[in-house]
Amino acid sequence: MVRMKQDAGRIRIWRNDALAGVELLRASGTQHHFPKHFHDAYAIHLHERGTMAFQYGQPQVALKPGNINVLAPGVVHMCLPADEQALNYRCLFVSPAFLQYAVLDPGATRLALFERLLCLGDLELFQSLGNAHRYLETDDDAFEAETLLTSGLAALATYSGQPHARIEAGSEPRHVTTIREFLDANYDRRIALADLARLVRLNPVYLVRSFRSSVGLPPHAYQRQLRLSRARQLLRLGTPPAEVAEMVGFADQSHLSRLFKQTTGVTPADYAKGL
């Protein structure tokens, strides 16, 4: 059974009971501007109408109808309409565990993870993934939807050897890794820049500049994204939004709601209704 939330500004997010580890989004006639953020799942964008600007740094990438765009977890990006035309698109958010289940051969232990795939113009694959998305939206045939989705993920994996610009784990400066690990472990705490400067014994200005260059966000924005990611996990478990706000470190529910809608296109309450 599909449990869907009401249309929130023409953006809907939901899960299908038959497919754990996959979250879906459909945007229709929207011009929502998503500020810099990242996902804890693989984000597969299927663009249907209008032109969307994706920015991963420089330069900006323009998505046109029929394009597929794939981002690995943790890749910082921003997306917004490229002009005044309203946008239609579908997104599949696939957990690393589901991707591993779908793509790894029996007995295999290592998955060559996707890198960024920008503006992939494979019409057959676009249609296959789009059909999987539609079936999971209407609950017409979950078995066929899973078959189409897993086949599509396997096809996407064949593109993962293309040149990319992603920073591999371990190649960033050691102090950036230290700060990242500290923020990962303390995402719900109030942290001062001075705390981070003492931790890695660096000038605060250099610290912020270096972290932003490696990660794509300054430390405070990275911590905020960690909080929002954890908030989604708690909402999926049925935790009330007011409790979620306190648990992840936001000042209050309104603070959580404002940032959550800015980043996802829906409010925490609407998000929770569909899961």
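All chains use their own residue numbering, which begins from 1 and follows the written sequence. At least 70 in pLDDT is required for a residue's local features to be given in this predicted model, at least 80 for side-chain atom pairs to be given and counted, and no such filter applies to totals for whole chains, interfaces and linings, which use all residues. In computing side-chain properties, one takes all heavy atoms of the structure into account and sets aside hydrogens as well as water.

Chemist: Sorry if this is basic, but what is going on with the overall build of the protein here?
Modeler: Each helix is a run of DSSP H or I of at least 4 residues and each strand a run of E of at least 2, with the numbering of both proceeding from the N terminus. Of regular secondary structure, the protein possesses ten helices and eleven strands. Only protein chains enter the accessibility calculation, which uses a 1.4 Å probe. A residue is then buried if its area is under 20% of the maximum for its type, exposed if over 50%, and partly exposed in between. Counting across all 275 residues of the protein, residues that qualify as buried make up 50%. Any two residues whose heavy atoms approach within 4.5 Å at even a single point are treated as in contact. Sequence-distant contacts in the protein: of pairs separated by 6 or more residues, those separated by 24 or more amount to 69%. Surface exposure of the protein reaches about 13,200 Å², of which carbon and sulfur atoms provide 50%. Reported accessibility uses the Shrake-Rupley method at a 1.4 Å probe radius. Residues are deemed covered only where the shown protein chains occlude them.

Chemist: Would you explain helix α1 (residues 96-103) in this entry?
Modeler: For α1, the full list of buried residues reads F98, L99, A102 and V103. Buried residues along α1 cover an arc of 115° about the axis, so they all sit on one side. Away from the buried face of α1 by more than 90 degrees, exposed residues A97 and Y101 are located. Buried residues along α1 sit against β3 (22-30), β5 (42-49), β10 (87-94) and α3 (142-157). In this description, one arc is meant: the one made by directions from the helix axis to the C-beta atoms.

Chemist: So what exactly am I meant to see when it comes to unusual backbone geometry here?
Modeler: Unusually for a residue other than glycine, R201 sits at a positive phi of about 55°. Within the secondary structure, R201 is located in the loop between α5 (193-200) and α6 (204-215). Exposure remark for R201: the relative accessible area of 76% places this residue in the exposed category.

Chemist: When you look at the packing of helix α4 (residues 174-185) against helix α7 (residues 219-236) in this model, what are you seeing that I'm missing?
Modeler: Between two packed helices, both the angle of their axes relative to each other and the distance between the axes serve to describe the pair. Between the N-to-C directions of two axes lies an angle of 0 to 180 degrees, each axis being a line fitted to C-alpha atoms and, for a helix, fitted only over the stretch in contact. Between α4 and α7, whose axes approach to 10 Å, the crossing angle comes to 40°. Taken as a pair, α4 and α7 cross one another with a handedness that is right-handed. Between α4 and α7, the residues in contact are R180, L183 and D184 and P219, Y222, Q223 and L226, respectively. Left-handed describes a crossing whose near helix is turned anticlockwise from the far helix by less than a right angle; the clockwise case is right-handed.

Chemist: What am I meant to see in the pattern of salt bridges here?
Modeler: Two side chains bearing opposite charge may form a pair once their charged atoms approach each other closely. We count a salt bridge whenever a side-chain nitrogen from Lys or Arg sits within 4 Å of a carboxyl oxygen from Asp or Glu. For the structure on display, the rule yields ten salt bridges. For E137, the salt bridge identified is with R12, shortest N-O distance 3.9 Å. Taken together, the residues span a long stretch of sequence, with E137 in helix α2 (residues 123-138) and R12 in strand β2 (residues 11-16) at a distance of 125 residues. Judged by relative accessible area, E137 falls into the buried class, the value being 12%.

Chemist: Even after reading the chapter, I still don't get the environment of W14, so can you show me in this structure?
Modeler: Along the chain, W14 falls in strand β2. In sequence terms W14 and R26 are twelve residues apart; their C-alpha atoms lie 9.0 Å from each other. Polar contact is the term for a pair of N or O atoms within 3.5 Å; when the atoms are in protein, one must be able to donate a hydrogen and the other to accept it, and sequence-neighboring residues count only if both atoms are side-chain atoms. Within the local environment of W14, its side chain forms a polar contact with the backbone oxygen of L136, the two atoms lying 3.4 Å apart.

Chemist: What is the right way to look at the sheet that holds strand β7 (residues 60-63) in this model?
Modeler: Note: strands within a sheet are paired through backbone hydrogen bonds, in either parallel or antiparallel orientation. When DSSP finds two or more bridges between a pair of strands, those strands are recorded as paired. The strand order across the open sheet formed by four strands is β4-β9-β6-β7, and the pairing between neighbours is antiparallel. The open sheet has two edge strands, β4 (34-37) and β7, and neither has a second partner. Each neighbouring strand pair of the sheet contributes to a mean axis angle of 20°, computed without reference to strand direction. Sheet analysis places strand β6 (residues 52-55) next to strand β9 (residues 77-81), joined by four bridges and oriented antiparallel. When the sheet's bridge partners are listed, A53 is paired in β9 with L80.

Chemist: What am I meant to see in the confidence of the model for the protein here?
Modeler: When pLDDT drops low, the exact placement of atoms in the prediction is not to be read closely. Per-chain confidence: the protein averages 84 in pLDDT, with 84% of residues scoring 70 or above. Values of pLDDT, which run from 0 to 100, indicate the predictor's confidence residue by residue. Across residues 1-8 the pLDDT falls below 50, and counting only partners more than four positions away or on other chains, this stretch makes 29 contacts in the model. The low-confidence segment residues 162-170, where pLDDT is below 50, has twelve contacts with residues more than four positions distant or belonging to other chains.

Chemist: Just to check I follow, could you spell out the environment of V75 for this structure?
Modeler: Checked against the element boundaries, V75 lands in the loop between β8 (68-71) and β9. Separated by 35 residues in sequence, V75 and D40 have C-alpha atoms that sit 9.1 Å apart.

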